[in-house]
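Below are the chains, spelled out letter by letter.
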Amino acid sequence: QVQVVESGGGLVQTGGSLRLSCAASGSAFRFSDMNWYRQALGKQRELVAAITKGGSADYADSVKGRFTISRDNAKNMVYLQMNSLKPEDTAVYYCTSELLSRTYWGQGTQVTVSS
């Protein structure tokens with residue numbers, strides 16, 4: 001069982017920045033693909049950013065050039081640096097860990113961008 005815990009959400013003005021952190025338990029972290037999803041009120045959940053066990057990153061078109069995903073295998077951590085935030089980035093952000101065909105979800109962290 002992998003436990004995933006997000007932190008770092010909050011309220012920020014348009015154009016501001018936030019860094020989300022995700023801590024995943026277990027010794028197999030370095031073998032896990034990690035993702036950030038978000039879900040805005042009344043909207044479907046979407047994949048925002050992904051980073052493979054090998055460190056390759058991919059992004060949704062809506063955040064390319066503004067968000068950066070990174071990982072620190074020594075600390076079992078994944079980060080999402082979010083710059084140039086827009087009101088449409090407001091959502092609950094979830095971190096997931098994918099390992100051996102199973103996906104583990106965190107409880108989410110709220111990001112609110114005020115206009």
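Our subject is the structure listed above.
As a starting point, this report considers the structure included with it. (Residues numbered from 1 in each chain as written. Predicted model: local features only at pLDDT ≥ 70, side-chain atom pairs only at ≥ 80, totals over all residues. Heavy atoms only, no water.)

## Structural notes on the sheet that holds strand β8 (residues 77-82)
In step 1: Here we have 4 strands laid out as an open sheet, ordered β1-β3-β8-β7, and antiparallel in their pairing. Bordering the open sheet on either side are β1 (4-7) and β7 (67-72), each of which pairs with just one other strand. For this sheet the average axis-to-axis angle between neighbouring strands, irrespective of direction, equals 15 degrees.
In step 2: With 4 bridges joining them, β1 and strand β3 (residues 18-24) adopt antiparallel strand pairing. Paired with valine 5 across the bridge in β3 is alanine 23. (Pairing = 2+ DSSP bridges. Helix = DSSP H or I, 4+ residues; strand = E, 2+ residues; numbered from the N terminus. Axes fitted to C-alpha atoms, helices over the stretch in contact; angles between N-to-C directions.)

## Some remarks on the nonpolar core
In step 1: Counting residues in each nonpolar core, the largest one holds 28 residues, and the members touching the most others are Met34, Trp36, Phe67, Leu80, Met82 and Tyr93.
In step 2: Those elements that place two or more of their residues in this core are β3, β4 (33-39), β5 (46-51), β7, β8, β9 (91-99) and β11 (109-114).
In step 3: Not counting residues within four places of it along the chain, the set of residues in contact with phenylalanine 67 comprises Arg38, Val48, Tyr59, Leu80, Gln81, Met82, Asn83, Leu85, Asp89 and Tyr93. (Core = buried A, V, L, I, M, F, W, Y, C linked by side-chain atoms within 4.5 Å. Buried < 20%, exposed > 50% of the residue type's maximum accessible area, 1.4 Å probe, protein only. Contact = heavy atoms within 4.5 Å.)

## Remarks on the packing of aromatic side chains
In step 1: On inspection of all chains with the given rule, the structure shows 2 aromatic pairs.
In step 2: Relative to tryptophan 105, the ring of tyrosine 94 has its centre 6.0 Å away and its plane inclined at 75 degrees; by these criteria the two rings are edge-to-face. Taken together, the positions of tyrosine 94 in strand β9 and tryptophan 105 in strand β10 (residues 102-105) put the pair 11 residues apart, joining distant regions of the chain.
In step 3: Joined through ring pairs, the aromatic side chains of Tyr37, Tyr94 and Trp105 make up one cluster.
In step 4: One residue, arginine 19, lies across the ring of tyrosine 79, its end atom 4.2 Å from the ring centre.
In step 5: Lying across the ring of tyrosine 37, arginine 45 places its NZ or CZ 5.9 Å from the centre. (Phe/Tyr/Trp six-rings, centres within 6.5 Å; stacked < 30°, edge-to-face > 60°. Lys NZ or Arg CZ within 6 Å of the ring centre and 35° of its normal.)

## Let's talk about the pattern of salt bridges
In step 1: Enumeration according to the criterion identifies 5 salt bridges in this entry.
In step 2: In this structure, lysine 53 engages aspartate 33 in a salt bridge whose closest nitrogen and oxygen atoms are separated by 3.5 Å. Taken together, the residues lysine 53 in the loop between β5 and β6 (57-59) and aspartate 33 in strand β4 connect sequence positions 20 residues apart.
In step 3: A salt bridge links arginine 38 to aspartate 89; its shortest N-O distance comes to 2.9 Å. Within this pair, whereas arginine 38 is found in strand β4, its partner aspartate 89 is found in the loop between β8 and β9, the two being separated by 51 residues in sequence. The pair formed by arginine 38 and aspartate 89 is uniform in burial state, with each residue classed as buried.
In step 4: Overlapping salt bridges bring together Arg38, Glu46, Arg66 and Asp89 as one network. (Salt bridge = Lys/Arg side-chain N within 4 Å of Asp/Glu carboxyl O.)

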